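Structural features, examined
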Amino acid sequence: MNRPVRVRFAPSPTGPLHIGGVRTALYNYLFARQHNGTMILRIEDTDSQRFVPGAEDYINEALAWLGIGIDEGVREGGKFGPYKQSERRDIYRKHVKQLLDAGKAYIAFDTPAELEAARNASPNFQYDASTRMSMRNSLTMPAQEVKRLIDEGTPYVVRFLIEPGRDVEVNDLIRGKVVINSSILDDKVLYKSADDLPTYHLANIVDDHLMEVTHVIRGEEWLPSAPLHVLLYEAFGWRDTMPDFVHLPLLLKPDGKGKLSKRDGDRLGFPVFPLEWHDPKSGDISSGYRESGYLPEAVVNFLALLGWNPGDDTEIMSMDELISKFSLEHCSRAGAKFAFEKGKWFNHTYLQNMDDSTLAEKFKPVLREHGIDPDKYSDEFLTKVVSLVKGRINFVNDLWDQASYFFIEPEEYEAKSVKKRWTPDMPGHMEELIKVLESIDDFSSAAAEPVVIGWIEKNNLHMGNVMNAFRLTVVGKCVGPHMFDITELLGKDETIRRIKKGINNIVPVE
RNA sequence: GGCGAUUUAGUGUAGAGGCCUAGCACGCCGCCCUCUCACGGCGGAAACUCGGGUUCGAAUCCCGAAUUCGCUACCA
């Protein structure tokens, strides 16, 4: 019973991969890698109604961006293919027949309208042992009639015949034994003749068995149907190789109640998708972590800690560290509210740990977006700029807000700072400052600073006011790194030019 | 409604009978640093859902209630 570990991530291509799905994929991946096992990506496209073009590519691209590697799948191939359920019709048909022949499933002709009527007539209606004998199915109709309807092409479904009154046990690796009585289960539809496709339950069990999956790691929403799946394994006679089940806690809305949904992202201003998604039907655009400036390593780290912890206080972990530390024992059982604020902090921390030159490279496209040609600047200059302002950014894009004045001179001056610092005597002091600066040959921060400070002190000027007025002319507002680090990078000529411009353009408030 | 799961500060979590006057992180507040804003350093407010047990002793074990979440489709 010690089979090589094989896990699968099995999304439906019904839209962009949700961040909760990403976490499920991540946990599967971590588990697989830790056990030197195999990670399978299976596309569960058994709902022809909800298929969305582009969704499958999106899944592949998102997982690749995050570094969640796939060993077997539609693109990767493998010995257990095809890995797309719509290409496995023959396999499902065969297995449906097997169940039918064994009397463990039956054919039902009830139309959606008839089922709807039954539900309306009795609010607690369930297609099960208590009702199936009053419905239109192969259990209640003569065999010839059933055959005739099928031959005529009447749409039908195959339902799983569930024996009532049995306690079905599911052993969940993070929740322990979960027992559900089979009486509360309905005769689930396993196959629909209309599109010649199975439903999730049948396809899932057949594929997991055939693909030799050893651990089913999925979201908690599947826990209630796990007993049904156990029953299906039994019906096929696969009980001895049935995989272990792991139901992960759900990702919940940060505020109110319920599962995290795509709406929450727009509502609260954070992405719920790994990559930006353009809905082909509505044309709506949903923001993605990648486009919002998150680093994939930070997203992975953040997600890993939502529902799992390493058992100690470690928070910053690389993918390799996550792989070695991951354990089902340290998975939590309760749903986790999606605390995106902490996601920002992870990104901030990863950005701080990145070398300045790497960050400078990432800054280049941002500069281009703002009409600045980064090639006009040396890498050394860009790296220095980045090193000065990186402490105050959460995203690569923030670099522009923090460093734009290194590339363009101020056109406007922040009113609040002008009011506070641009006192009537300032233009005069700035004229003097220009003279002082002109006399400095070595414009480095270390050399220029003592000269200017000395001038301020010698003349008994107000340090805060003069320095901030100086800053106002150069930066446009009173924020930013050490003043002389800025002027060192800007150079003497540019610094003096900006002071002159400030003297002419800053209009005192009141 | 039924069934299942769940429950430590605002959030994510540590804790597996005495090490808990409950730890860490994010966020929040304050102080320091300081030409500004940040960063950083230091400090602070803030939690064991409730009620019964068991025990010398319970956040940790048992029972009950409540809470929240999920499922209850010819969707996954």
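Quick word on the overall build of chain A
Scanning chain A for helices and strands turns up 20 helices and 15 strands. Taking 2.2 N^0.38 as the reference for a compact globule, 510 residues should give roughly 24 Å; the C-alpha atoms of chain A span a radius of gyration of 32 Å, well beyond that estimate. A principal-axis box enclosing the C-alpha atoms of chain A has dimensions of 110 × 50 × 35 Å. In chain A, buried positions account for 52% of the 510 residues. Pairs at least 24 residues apart make up 71% of the contacts formed inside chain A by residues separated by at least 6 positions.

Side note on the environment of serine 357
Looking at where serine 357 falls in the secondary structure, it is placed in helix H12 (residues 356–369). Distance in space between the C-alpha atoms of serine 357 and asparagine 181 is 61 Å, their sequence separation being 176 residues.

Re the protein's contact with RNA strand B
Close to RNA strand B lie 60 residues; Lys257, Arg392, Asn468, Cys478 and His482 are nearest. A share of 72% is what sugar and phosphate atoms reach among the atoms of RNA strand B within 4 Å of the protein. A distance of 3.3 Å separates a phosphate oxygen of RNA strand B from a polar atom in the backbone of glycine 258. For RNA strand B, a phosphate oxygen lies 2.5 Å from a polar atom in the side chain of asparagine 309. Of all elements in the fold, only helix H4 (112–121), strand E5 (157–160), strand E7 (176–181), strand E8 (189–192), strand E15 (336–337), helix H11 (340–353) and helix H18 (463–475) reach the threshold of two or more residues within the surface near RNA strand B. When residues in the surface near RNA strand B are grouped by element, the largest group, 5 residues, is from H18. Of the residues assigned to the surface near RNA strand B, the class counts are 25 nonpolar, 14 polar and 21 charged.

Considering the sheet that holds E5
The 4 strands are arranged E4-E5-E8-E9 in an open sheet whose pairing can be described as antiparallel. Whereas interior strands pair on both sides, the edge strands pair on one side only; in this sheet they are strand E4 (105–108) and strand E9 (197–198). For E5 and E8, the ladder comprises 3 bridges, and the chain directions are antiparallel. Across the sheet, valine 158 pairs through a bridge with tyrosine 191, a residue of E8. Sitting on the sheet, helix H3 (residues 89–101) is in contact with E4, E5, E8 and E9, with an inclination near 105° to E4.

A look at the pattern of salt bridges
Per the stated rule, a full pass over the model turns up 40 salt bridges. The partner of arginine 497 in a salt bridge is glutamate 409, and the shortest N-O contact between them spans 2.6 Å. Of this pair, arginine 497 sits in helix H20 (residues 492–505) while glutamate 409 sits in the loop between helix H14 (398–403) and helix H15 (415–421); the two residues are 88 residues apart in sequence, bridging distant segments of the chain. Salt bridges here are not isolated pairs; linked through shared partners, they connect Arg8, Arg42, Glu44, Arg88, Asp207 and Asp208.

Description of the packing of aromatic side chains
For any pair of aromatic rings, the description consists of the separation of the ring centres together with the inter-plane angle of the planes. Counting across every chain of the model gives 22 aromatic pairs. A centroid spacing of 6.4 Å and a plane angle of 75° characterise the contact between phenylalanine 125 and tyrosine 127, whose relative ring orientation is edge-to-face. Residue class for tyrosine 127 comes out buried when judged on its relative accessible area of 3%. Summarising the aromatic geometry, the rings of tyrosine 156 and tyrosine 191 are spaced 6.5 Å apart at their centres and angled 45° between planes, so their arrangement reads as tilted. Within this pair, whereas tyrosine 156 is found in the loop between helix H5 (143–151) and E5, its partner tyrosine 191 is found in strand E8, the two being separated by 35 residues in sequence. Both residues of the pair, tyrosine 156 and tyrosine 191, belong to the buried class. Here a set of aromatic residues connected by ring pairs shows up, and it is made of Phe270, Phe302, Phe338, Phe340, Trp345 and Phe346.

Observations concerning the nonpolar core
Judged by nonpolar contacts, the single largest core of 116 residues is most densely connected at Ile68, Phe338, Phe406, Phe407, Met430 and Phe470. Among the elements that line this core, the one with the most residues is helix H1 (residues 19–34), at 9 residues. Setting aside residues no more than four positions away along its own chain, phenylalanine 470 makes contact with Met430, Leu433, Leu437, Met483, Phe484, Thr487, Thr495 and Ile499. Counting residues in hydrophobic clusters, the runner-up holds 42 residues, among them Ala105, Phe109, Val213 and Met242.

With respect to helix H9 (residues 296–304)
Counting buried positions along H9 yields 8 of 9 residues, so the element is predominantly enclosed. Turning to H9, its buried residues are Pro296, Ala298, Val299, Val300, Asn301, Phe302, Leu303 and Ala304. For H9, the elements touching its buried residues are H1, helix H2 (55–66), helix H10 (319–325) and H11.

Structural notes on the side chain of aspartate 264
You can see aspartate 264 is positioned in helix H8 (residues 262–268). The class for aspartate 264 is buried, based on a relative accessible area of 2%. Not counting chain neighbours up to four residues away, the residues in contact with aspartate 264 comprise Lys253, Lys259, Gly269 and Phe270.

Some words on the environment of aspartate 355
With respect to the element layout, aspartate 355 can be found in the loop between H11 and H12. Reaching out from aspartate 355, the side chain makes a polar contact with the side chain of threonine 358 at a distance of 2.8 Å.

Topic: unusual backbone geometry
The linkage connecting glycine 81 with the following residue, proline 82, adopts the cis geometry, with an omega of -10°. Tracing the backbone shows proline 82 in the loop between strand E3 (72–73) and H3. Positive phi is not limited to glycine here, since aspartate 196 has a value of about 55°. The backbone of asparagine 460 shows a phi angle near 55°, a positive value even though the residue is not glycine. Mapped onto the fold, asparagine 460 is located in the loop between helix H17 (445–458) and H18. Residue asparagine 460 is classed as exposed on the basis of its relative accessible area of 72%.

Brief notes about the packing of H18 against helix H19 (residues 483–490)
Viewed as axis vectors pointing N to C, H18 and H19 meet at an angle of 35°, and their least axial separation amounts to 11 Å. Two packed elements cross with a definite hand, and for H18 against H19 that hand is left-handed. Facing H18, whose interface residues are Met467, Phe470, Arg471, Val474 and Val475, H19 presents Met483, Phe484, Ile486, Thr487 and Leu490.

Considering the pairing of strand E6 (residues 167–172)
The side-chain alternation of E6 yields one buried face, formed by Val168, Val170 and Asp172, and one unburied face, formed by Asp167, Glu169 and Asn171. Inspection of the sheet shows E6 paired to E7 by 6 bridges, in the antiparallel sense. Note that in E7 the partner of aspartate 172 across the bridge is glycine 176. The antiparallel hairpin formed by E6 and E7 contains 3 residues in its connecting segment.

Analysis parameters
Residues numbered from 1 in each chain as written. Chains lettered and ligands numbered in written order. Predicted model: local features only at pLDDT ≥ 70, side-chain atom pairs only at ≥ 80, totals over all residues. Heavy atoms only, no water. Helix = DSSP H or I, 4+ residues; strand = E, 2+ residues; numbered from the N terminus. Rg over C-alpha atoms; globule rule 2.2 N^0.38 Å. Buried < 20%, exposed > 50% of the residue type's maximum accessible area, 1.4 Å probe, protein only. Contact = heavy atoms within 4.5 Å. Near = heavy atom within 4 Å. Polar contact = N/O pair within 3.5 Å; in protein donor to acceptor, adjacent residues only side chain to side chain. Nonpolar A, V, L, I, M, F, W, Y, C, P; charged D, E, K, R; others polar. Pairing = 2+ DSSP bridges. Axes fitted to C-alpha atoms, helices over the stretch in contact; angles between N-to-C directions. Salt bridge = Lys/Arg side-chain N within 4 Å of Asp/Glu carboxyl O. Phe/Tyr/Trp six-rings, centres within 6.5 Å; stacked < 30°, edge-to-face > 60°. Core = buried A, V, L, I, M, F, W, Y, C linked by side-chain atoms within 4.5 Å. Left-handed = near helix turned anticlockwise from the far one by under 90°.

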